[in-house]
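Structural overview for review
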Amino acid sequence: MKKYIIICFLLSTAVMIGCDSGMDIAPTASVTEEIFWERDSDVRQAVNGVYAEMDGRPMGLDNRTDIAYTQLTPLVASDGTVQGTWARYYRGIRRANDVINNIDQVEFGDMDLVQRLGAEARFLRAYFYTQLTSLYGDVPFLTETIQIDEHVGRTDREVIVDFIIDELDDIINTNVLPISYSGNNLGRATHGAAESLKARVALRNERWAIARDAAQSVIDSGVYSLYPDYVGLFQYEGQNSSEVIFDRQYTADGHNFNAFGHSATSLGGGASVEPYHGTYLLFRLDEEEYNVENFTDPMEPYENMDPRWYHSVYYTGSEIGDGAIFDSHPQRGSPDAANVTETATELGYNMKKYVDYENDRDDPGRGSINFIHIRYADILLMYAEAKVQLGEIDQSVYDAINEVRQRPTVELDPISQATHPDAESLMDYLIEERGREFVFEGLRLFDIHRWGNGVELVSGPKLGAHYENLETGEIFLWNIGRSQTFQEHNHLWPIPQAEINANHEISGADQNPGY
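Predicted model, so just to flag it, every value in this text is computed and none were measured. (Residues numbered from 1 in each chain as written. Predicted model: local features only at pLDDT ≥ 70, side-chain atom pairs only at ≥ 80, totals over all residues. Heavy atoms only, no water.)

1. Some thoughts on the overall build of the chain
The helix and strand tally for the chain stands at 16 helices and 13 strands. Relative to a compact globule of 515 residues, whose C-alpha radius of gyration would be 24 Å, the chain shows 23 Å and is just as compact. With respect to the three principal axes, the spread of C-alpha positions in the chain is 75 × 50 × 50 Å. Every one of the 515 residues in the chain was classed for burial, and the buried ones make up 58%. In the chain, the proportion of contacts linking residues at least 24 apart, taken out of those at least 6 apart, comes to 71%. Of the roughly 20,400 Å² of accessible surface on the chain, 46% is carried by carbon and sulfur atoms. (Helix = DSSP H or I, 4+ residues; strand = E, 2+ residues; numbered from the N terminus. Rg over C-alpha atoms; globule rule 2.2 N^0.38 Å. Buried < 20%, exposed > 50% of the residue type's maximum accessible area, 1.4 Å probe, protein only. Contact = heavy atoms within 4.5 Å. Areas by Shrake-Rupley, 256 points an atom, 1.4 Å probe, with all protein chains shown as cover.)

Structure, rendered in structure tokens:
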């Protein structure tokens, strides 16, 4: 089956330019086509432009899953996120193709550096295609630079996945990417990042043995380990730590990351990513059936929680910093009072992960905490899942899971063959555990797409936080009538309407099913 699509994603010949050294990807100048491919510095600048299209703050994707909620328009082909995500990834692919297809022209400079930069561009192109196929399924597949009005057919997802794995294998086997970087080169793609991306794309496409082996290789390398402090991992202290395999780098004076802007109104945020009651239940440790009527104190519901809850969520009674206490009770007049202002939380919780109050409180707009895209905890859980799917349930599966569970600052009791004896119980656990470990990291939607369980996990009412009735003392769940629907066809996003409108060879009948 071949469908023809015009790629209408602003195929500009301009490339975002950065400094000659390091990961400064802010546009500062332009290089003419006549001299652009002469020097190694030209290649570095072009590759920095590819990095500029990396995902920045993808935690908003969690709002379409079971771990976060905000009011969103239905998932349709004209949705801004659907169209913007498509356009950005294809801009990145265009820029990567520019590098890959022109790099042989370079004659001056360090040729080993040029080879490494070419491998970085290939890695980034593989990353973009991994994301595109995970979201949209069959997509246009470009490895050459094309003109803005050229027609390109949608290629079967499996063909693109084969290409991604082969491309990553070539990068890995040639050892052209280093094990690590230092100084201004921190954040560039490494050998371990290539192996990790291979594990990820394989897992998302049920290539279980490939995922297992790639994850095993990362584990066996001994390069990475879990950062001991879960909350610190997402603050400045955890930047470029032993757990980080690949991230989006930020700088206070360049491209920055204001995590406060996604959080509580009292922090200057707009509550763009909201935990809700389903998030709470995911982190609750009590084995007895939940019943709000059993609580007699407003803090009691939060007494026996997975420690990662306290590191990830602001709830009424939790500390913001400097003695300030988060209070979203709708009747107490706090700036964070639930559903009172347009910027306040609707359901009573706010995102805490990535908020470094102590270091960013005076000027959060210059926040520069790097956003982690691949980390070692994911490698461990991908390894465990691949082994389970292959029917290879041995001690290494439990060891990988328990390494994540027993991280210092988390320190949960280990699971074992006695508690989780078979593939069904282990998969049930891993589905929940990935929600806890990677909450607000933008990975959950991709997991739900590949598991195909979005209807079960996401659809239903969206209840809020626990509050005390100020007149009777009764503890109740905040309910303002919110709900969310996830339909079977939502396991793929629609091809953007702008793409279809620009193509005279495609009609609505060629859209992904259900849209």
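2. Digging into a negative patch on the surface
On the surface, Asp422, Glu424, Asp428 and Glu456 cluster together to form a negatively charged patch. Structurally, Asp422 can be placed in the loop between helix 12 (395-405) and helix 13 (423-437). Residue classification places Asp422 among the partly exposed positions, given a relative accessible area of 35%. (Patch = residues over 30% accessible without salt bridge, like charges linked within 9 Å, V, L, I, M, F, W, Y side chains within 5 Å. Salt bridge = Lys/Arg side-chain N within 4 Å of Asp/Glu carboxyl O. Lys, Arg positive; Asp, Glu negative; His and termini not counted. Charge placed at Lys NZ, Arg CZ, Asp CG, Glu CD.)

3. Describing the packing of helix 2 (residues 80-102) against helix 3 (residues 111-136)
For the pair helix 2 and helix 3, the least separation of the axes is 9 Å and the interaxial angle reads 155 degrees. Taken together, the axis directions place helix 2 and helix 3 in an arrangement best described as roughly antiparallel. Helix 2 and helix 3 meet at a crossing whose hand is left-handed. Of the residues in helix 3, those in contact with Thr81, Val82, Thr85, Trp86, Tyr89, Tyr90, Gly92, Ile93, Ala96, Asn97, Val99 and Ile100 of helix 2 are Gly118, Ala121, Arg122, Arg125, Phe128, Tyr129, Gln131, Leu132, Leu135 and Tyr136. A per-class count over the contact of helix 2 with helix 3 returns 14 nonpolar, six polar and two charged. (Axes fitted to C-alpha atoms, helices over the stretch in contact; angles between N-to-C directions. Parallel < 35°, antiparallel > 145°, perpendicular 65-115°, else oblique. Left-handed = near helix turned anticlockwise from the far one by under 90°. Nonpolar A, V, L, I, M, F, W, Y, C, P; charged D, E, K, R; others polar.)

4. Points about the nonpolar core
Nonpolar side chains tend to gather and get buried jointly when the protein is soluble and globular. Ranked by internal contacts, the top residues of the largest apolar core, which has 94 residues, are Val99, Phe123, Tyr129, Leu132, Tyr136, Phe246 and Ile401. With 14 residues, the top contributor of residues to this core is helix 3. Here Leu132 is in contact with Trp86, Tyr89, Tyr90, Ile93, Gly137 and Val139, once residues within four sequence places are set aside. Core analysis: the second largest hydrophobic core is formed by 47 residues, Tyr280, Met305, Tyr354 and Val439 among them. (Core = buried A, V, L, I, M, F, W, Y, C linked by side-chain atoms within 4.5 Å.)

5. Considerations on the side chain of Ser134
On the secondary structure map, Ser134 appears in helix 3. Taking relative accessible area as the criterion, Ser134 reaches 4% and is therefore assigned buried. What Ser134 contacts, discounting residues up to four positions off in sequence, is Arg157, Arg204, Phe446, His449 and Leu492.

6. A few points about the pairing of strand 4 (residues 244-248)
Across the five residues of strand 4, five count as buried, placing the element largely inside the fold. Where strand 4 lies against strand 9 (residues 371-375), four bridges are found, and the strand directions are antiparallel. What sits directly across from Arg248, in strand 9, is Phe371. (Pairing = 2+ DSSP bridges.)

7. With respect to the packing of aromatic side chains
As enumerated under the stated definition, the model contains 29 aromatic pairs in all. Where Tyr250 meets Phe257, the ring centres are 5.7 Å apart and the plane angle is 40 degrees; that geometry is what we call tilted. Ring centres of Tyr302 and Tyr349 lie 6.3 Å apart, and the angle between their planes is 85 degrees; on these two criteria the pair is classed as edge-to-face. Taken together, the positions of Tyr302 in the loop between helix 8 (277-283) and helix 9 (307-312) and Tyr349 in the loop between strand 7 (324-325) and strand 8 (350-351) put the pair 47 residues apart, joining distant regions of the chain. Within the aromatic cluster, the residues linked to one another by ring pairs are Tyr280, Phe283, Tyr290, Phe295, Tyr302, Trp309, Tyr310, Tyr315 and Tyr349. (Phe/Tyr/Trp six-rings, centres within 6.5 Å; stacked < 30°, edge-to-face > 60°.)

8. Topic: the pairing of strand 3 (residues 151-155)
Within a regular beta strand, the side chains point alternately toward one face of the sheet and then the other, so they alternate between its two faces. Burial within strand 3 is extensive, with four of its five residues counted as buried. Inspection of the sheet shows strand 2 (residues 139-140) paired to strand 3 by two bridges, in the antiparallel sense. Across the sheet, residue Val139 finds its bridge partner in strand 3, namely Thr155.

9. A few points about the packing of helix 3 against helix 5 (residues 191-204)
Between helix 3 and helix 5, the shortest axis-to-axis distance is 11 Å and the interhelical angle comes to 20 degrees. Considering the angle they form, helix 3 stands roughly parallel to helix 5. Viewed along their axes, helix 3 and helix 5 form a crossing whose handedness is left-handed. Between helix 3, through Phe123, Ala126, Tyr127, Thr130, Gln131 and Ser134, and helix 5, the contact on the second element is made entirely by Ala193, Ala194, Leu197, Val201 and Arg204. Of the residues that constitute the contact of helix 3 with helix 5, the class distribution is seven nonpolar, three polar and one charged.

10. A closer look at unusual backbone geometry
Despite not being glycine, Asn240 has its phi angle at roughly 55 degrees, a positive value. As for its placement among the helices and strands, Asn240 is situated in the loop between helix 7 (230-233) and strand 4. A positive phi is found at Tyr354, a non-glycine position, where the angle reads about 80 degrees. By the secondary structure assignment, Tyr354 is in the loop between strand 8 and helix 10 (357-360).

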